[in-house]
Amino acid sequence: MKKYSQWMADSVIQRKTDLTSYWAYEFGLTLDGIAEVWRQTGERKYFDYIKSCMDTFIGEDGSIRGYDVKEYNIDHLNNGKILLTIYKETHEEKYRKALELLRSQIEHHPRTKEGVFWHKEIYPEQIWLDGLYMGATFYAKYVSEFSRSMEEYDDIARQFIIARKHTLDEQTGLLYHAYDDARQQPWANKLTGLSKHFWARSIGWYCMALVDTLAELPADNKYKPELIKILNETMEALIKVASPKSHVWYQVPDCGDRPGNYVEASGSSMIAYALFKGVRMGWLPESMREFAKLSYHGLIDEFITETPMGTICLNKICFVAGLGGKPTKAYGERDGSFAYYISEPIVTNEPKGLGPFILAAAEYERL
């Protein structure tokens, strides 16, 4: 079988996919996937591509084009991970300074009363599953590289535990997209603070964040066994709601083939990646390996098409979904309803899907 990770990385480069127009988490996510291809193949062209993209943002003084610490947007920390990759290879001071700038946001980023980062300053008192991938994973990788502080590792681990405590549905084991600690948002249940539905990509963000952060936590971290238990329980719940035909996941995971629902590429790729990595690292049981393989073949069969130019495309990606904030043209208020999640545009070759697909394929190929 062809190496789909490398094929997709080559396709991204050949198509001249825009990964530099602004400081966006999904661009760093795609570059993280290409970085994994570089590690596995040793081909320098992939590293050079990553570096050339990020060099459009990073000034010699460590400043970052389009980034403002005081915006307190957790999404803007995600690209720190690819900067770390570049710094570790080059040891150029400008990357170290840029990393310190991003780390400084964590120092003052607003938190809930229990200490979990708000999703953004413009989304007060809100925990979104997406934010664990954006903030906690960069934080963990930064700590591993520069401080090895037990206190900081504990702070990172608690983010996952508290977020799950508030978003868990006891009946299904799935996690709701978001939680409003103030119970003020129109999308939030006034009693529980929860959004109305599960969303595949948000659970995917959480699962990817879990496996990537577990890889950074020291073996003796007191919270590590609890995080491994959370990973197992979340994966067990996700396997139960996967498509019985293709073994990938629906946009609204617990609604199956309800009219309008569809199997979605980005969330499915994220969950498959976390499954493979969890099994490889020994955090998930070997019994999940076979399902992981089925889900990988589902990714190829459901979402991948080859073009006449010899590139491949990733289809059926939800372009964007969120809660509150600016209303959408198609639907109006982002109210977290089933109708809202299926109303957002479905697109091809969007970076929020490309990066996770490359990462999932690379994990499959490691097996």
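Report follows, based on the coordinates. (Residues numbered from 1 in each chain as written. Predicted model: local features only at pLDDT ≥ 70, side-chain atom pairs only at ≥ 80, totals over all residues. Heavy atoms only, no water.)

### Comments concerning unusual backbone geometry
Right, so step 1: Positive phi is not limited to glycine here, since Arg-183 has a value of about 55°.
Right, so step 2: With respect to the helices, strands and loops of the structure, Arg-183 is situated in the loop between β2 (178-180) and α8 (200-214).
Right, so step 3: At His-247, a residue that is not glycine, the phi angle is positive and equals roughly 65°.
Right, so step 4: With relative accessibility at 18%, the residue His-247 sits in the buried group. (Helix = DSSP H or I, 4+ residues; strand = E, 2+ residues; numbered from the N terminus. Buried < 20%, exposed > 50% of the residue type's maximum accessible area, 1.4 Å probe, protein only.)

### With respect to the side chain of Asn-79
Right, so step 1: Here Asn-79 shows up in the loop between α3 (44-54) and α4 (80-90).
Right, so step 2: With a relative accessible area of 2%, Asn-79 lands in the buried category.
Right, so step 3: A distance of 3.2 Å separates a polar atom in the side chain of Asn-79 from the backbone oxygen of Ala-24.
Right, so step 4: When neighbours within four sequence positions are excluded, Asn-79 is seen to be in contact with Trp-23, Ala-24, Tyr-25, Gly-28 and Met-54. (Polar contact = N/O pair within 3.5 Å; in protein donor to acceptor, adjacent residues only side chain to side chain. Contact = heavy atoms within 4.5 Å.)

### With respect to the side chain of Thr-167
Right, so step 1: Relative to the elements of secondary structure, Thr-167 occurs in helix α7 (residues 150-167).
Right, so step 2: A relative accessible area of 0% means that Thr-167 is categorised as buried.
Right, so step 3: Setting aside chain neighbours within four positions, we find Thr-167 in contact with Leu-129, Leu-174, Leu-175, Tyr-176, Ala-178, Tyr-179 and Leu-194.

### A short note on the packing of α8 against helix α10 (residues 265-280)
Right, so step 1: As a packed pair, α8 and α10 sit with axes 8 Å apart at the nearest point and diverge in direction by 25°. One element, α8, and the other, α10, form an angle in the roughly parallel class. When the axes of α8 and α10 are compared, the crossing they make is left-handed. Note on element contacts: α10 touches α8 through Ser-266, Gly-267, Met-270, Ile-271, Tyr-273, Ala-274, Lys-277 and Gly-278, opposite Ala-200, Arg-201, Gly-204, Trp-205, Cys-207, Met-208, Val-211 and Asp-212. (Axes fitted to C-alpha atoms, helices over the stretch in contact; angles between N-to-C directions. Parallel < 35°, antiparallel > 145°, perpendicular 65-115°, else oblique. Left-handed = near helix turned anticlockwise from the far one by under 90°.)

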